[in-house]
Amino acid sequence: MNDARLFLGGLVLGAGLVTLGCDSGASPDGVISVTRASVVVPQTPLDGTTIPRFVDPLTTFNGRRVDATATVNVNMQEFQQRVLPASIYTSLPAPYNAGTFLWGYNINNAGASWPARTIEAKQGTATTAIYTNSLTNTHLQKLLTVDQSIHWADPLGTTAANNCVNGPPLAAACTEPYAGPIPTVVHLHGNEVLSQYDGHPDAWWTPGFAQKGRAFVSNTYNYLNQQEATTLWFHDHALGIVRLNVYAGLAGFYFIRDGRDTGLPNNPITLPSGPQEAELMIQDRQFDTNGQLYFPDSDNAANLNGPPSAPDKHPFWIPEFFGDVMTVNGKSWPTMEVQPRRYRFRLVNASNARFLIMQMFNQQGVDIHVNGAPGPAVWQIGSDGGLFNTPVKLDDPANGANACAGAPVGNNVDVGAGAKCLFLAPAERADVIVDFGGQAGKTFTLKNFAVIPFPSGSPVGFGAPDATADGLVMQFKVDLPLQGTDTTFNPAGSHPALRATPIVNIKTIAPNKKRQLILVEEEGDTANPDGPGSPVDDGDPVESLINNTKWNGNREGTTTVVPGSTSNGRGVAATETPQEGSTEIWEVANLTGDAHPIHIHLIQFQVISRQIFDVDSYLTDWMAAFPGGTFNGFNFPAGIYIPGFGPPLTYNVLNGAGALGGNLNYDAAKYLQQGACAGGACPLRAPDAIDSGWKDTIKMFPGEVTRLAVRWAPQDIPANGTRAGQDPFPFDPTNGPGYIEHCHILDHEDNEFMRPLLIAK
Ligand SMILES: [Cu+2]
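In this text the structure is predicted, and so the values were computed from the model without any measurement. (Residues numbered from 1 in each chain as written. Predicted model: local features only at pLDDT ≥ 70, side-chain atom pairs only at ≥ 80, totals over all residues. Heavy atoms only, no water.)

A. Structural detail: the sheet that holds strand 8 (residues 220–223). In space, the five strands of this open sheet follow the order 4-3-2-6-8, with mixed pairing throughout. The outermost strands of the open sheet, each flanked by one partner alone, are strand 4 (112–113) and strand 8. Where strand 3 (residues 100–107) lies against strand 4, two bridges are found, and the strand directions are antiparallel. Residue pairing for strand 4: Asn 106 is matched across the bridge by Ala 112. (Pairing = 2+ DSSP bridges. Helix = DSSP H or I, 4+ residues; strand = E, 2+ residues; numbered from the N terminus.)

B. Here's a closer look at the packing of aromatic side chains. For the structure on display, the rule yields 35 aromatic pairs. Relative to Phe 216, the ring of Trp 205 lies with its centre 5.6 Å away and its plane at 65°, an arrangement referred to as edge-to-face. With Trp 205 in the loop between strand 7 (186–189) and strand 8 and Phe 216 in the loop between strand 7 and strand 8, this residue pair connects regions lying 11 residues apart in the sequence. The pair formed by Trp 205 and Phe 216 is uniform in burial state, with each residue classed as buried. Measuring from ring centre to ring centre gives 6.0 Å for Tyr 343 and Phe 345, while their planes differ by 10°; the resulting arrangement is stacked. Under the relative-accessibility criterion, Tyr 343 is labelled buried at 2%. Take Phe 345: its relative accessible area is 1%, and that puts it in the buried class. Lying over the aromatic face of Phe 645, Arg 555 brings its terminal NZ or CZ to 3.6 Å of the ring centre. When the ring centre of Phe 423 is taken as reference, the NZ or CZ atom of Lys 699 above it lies at 4.3 Å. (Phe/Tyr/Trp six-rings, centres within 6.5 Å; stacked < 30°, edge-to-face > 60°. Buried < 20%, exposed > 50% of the residue type's maximum accessible area, 1.4 Å probe, protein only. Lys NZ or Arg CZ within 6 Å of the ring centre and 35° of its normal.)

C. Representation of the layout of surface pockets. Roughly 510 Å³ of volume is contained in the largest pocket. As for the largest pocket, its lining consists of 27 residues, and the residues nearest its centre are His 151, Trp 152, Ala 160, Arg 214 and Asn 552. Across the lining of the largest pocket, the residue classes break down as eight nonpolar, 11 polar and eight charged. (1 Å grid on protein atoms, 1.4 Å probe; cavity = no way out; pocket = protein on both sides within 12 Å on 5 of 7 lines; lining within 4 Å. Points joined across faces, edges and corners; volume = space filled by probe spheres on them. Nonpolar A, V, L, I, M, F, W, Y, C, P; charged D, E, K, R; others polar.)

D. Layout of the sheet that holds strand 23 (residues 513–523). Taken together, five strands build an open sheet; the order of strands is 24-23-27-33-29 and the sheet is mixed. Each edge of the sheet is formed by a strand with only one pairing partner; in this case those strands are strand 24 (541–546) and strand 29 (606–612). Geometrically, the sheet is characterised by an average inter-axis angle of 15° between neighbouring strands, direction not taken into account. Pairing of strand 23 with strand 24, which is carried by five bridges, proceeds in the antiparallel orientation. Residue pairing for strand 24: Leu 519 is matched across the bridge by Ile 546. (Axes fitted to C-alpha atoms, helices over the stretch in contact; angles between N-to-C directions.)

E. Focus on the coordination of the copper ion. For the copper ion, the full set of protein donor atoms is His 596 (ND1), Cys 743 (SG) and His 748 (ND1), at a range of 1.9 to 2.2 Å. As a motif over one chain, the donors of the copper ion read H-x146-C-x4-H. In this pair, His 596 sits in strand 28 (residues 596–600) while Cys 743 sits in strand 34 (residues 739–743), placing the two residues 147 residues apart along the sequence. The exposure class of His 596 is buried, given its relative accessible area of 1%. Look at Cys 743 and you get buried, because its relative accessible area is 0%. (Donors = N, O, S within 2.8 Å, 3.2 Å for Na, K, Ca; no water.)

Shown next, in the form of structure tokens:
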């Protein structure tokens, strides 16, 4: 977070004053100077190193999944669950001794849990889901401080009435922790769905429908389930509080099954099934000494994540949450007992901000690939949107010792270390086969190597010794006797095809449009606003933006939309307005210092290439293209970056590369050659094998252009099967409140790193 290469921190020192140009300097210093554990209820963090590990069994869902061929009733409610080992709770007073207070989905009245029971849908059979928000009078609300200074659901209108999003200075009401009714809305991530059932961030509602967001249509959703069999997941998506609602437990898996991937023992692909197919939802968390969730919201010295980074503008928001306790399926560091045979794991990284680069190690945390007998082989067979054409071997000893531990590197260098490992940014999924055959009696640990933040941070943990510093996530004990023989899908041998037909290649379709978009981070400046030498704001994140444009589409501090925008009539204006049935190339340059998992709703897309990009040179020219003007009371001379202005040029005027987006052409001679490839354009890197299938969320590394083929059509339509202006969906994607694209670091998407996406006729 304090990497000197972060966007405005290092690069734009000359223009540093403008990085918080919206900040008049009038805000009082020390707005949050009191030490709070949590703002409402004092909390003392529990040191994660004191929590015993590998005590509890992994929670599994086999035999408890919810059949979605009938209507599913999903009730959001508070409940308690023993996330930590029982020994932590038994010494606590009531009510904490019953477990950690959480918010969860209670499906068909079978009881709330974190994660929710997995919903299992059948391709071609629609699912009706009826969602109810019953989050009233909760314990947890007092521990999850809503920051009313960011664009958020705002059921009581406090943020709107006090213009909190355009501070500082902030009216007193903007700095109060919110205590009103809790808004929620459910998004089924990766789903091809009519927008009114997509869980639009403004489609939230509060208990009893007392308040509803502008995009609300109904709490009864209709999922058609016509896309490929895959691992989807559902989670809360209410504007500006996703990081808190998901942190509280509002997440679960949603499988789509088809005639091949049936989930049954006789499935034609012969994939492991029954007890040998298990969901793994991986999330980091922090707890207090009462065994309750701890989410940093203050300058408490015990905050692992440090104090809020821009407290005069956002009193409680922190740029990324990282916890010191790893959880899998709602249990801290669980253990799974397995037979010496193949297992299929369906993984999602449901963390707020933590990336995962994982590898199987032996019990002592030693690389099993170089010490003694090899450990279980690991293959990835699918990603976000479906199965691969062929399995991809991970952790291959041929990649060398500690292949996954090789330090991933930041700007302008290939972040290749993770490419051959189990590498998941927040919201990405992996479908994986692990072969425990021949490993009877052994114990293995799944270990994570991804630095925090990724990839600019340093150790896996927080620097000081903490419970995540060794990277351990969970343990597998091969101590169950082998029952029968393992005749399941063996990626190492001959096996049935994963897919009936290869993945439709949309990368070679002649695109109807190209967009060149940028990811940019706005940071506090070094001279303002808390006075010279302030330790609070210097170089710290204020917010990050897609194409320098805020969620509502208005220029910073104004009601002027970015020119070229289309309104949805419900308070937001989109610049990304692709035609239904069309195919577009999105070239996204990440000018920030960290990787961001960018998620596009409605469709599955494909990665065309990655290419190293000269951020410094581009930024110099890009910033010089800003026209100047007065925003939020601050006068920007021409040629100075204006945060939240939108792109410097006109969005809908094609640039020299024939691209929409209002940005300077990614001129190959100027910006695409440097360092190791000086004198010639840096090579286009084909996507790594793990990114070569259908994706709905993709890591965009710093200092790179990520190119995507985005077709506004269902994934199985043949390459020549649709054209611009033709609706290829079994519903009208131009109808309803529309879709969105955003960073899936939850702390980022909550603070403006999200844009509306409206499909056009
Ligand atoms: Cu992000």
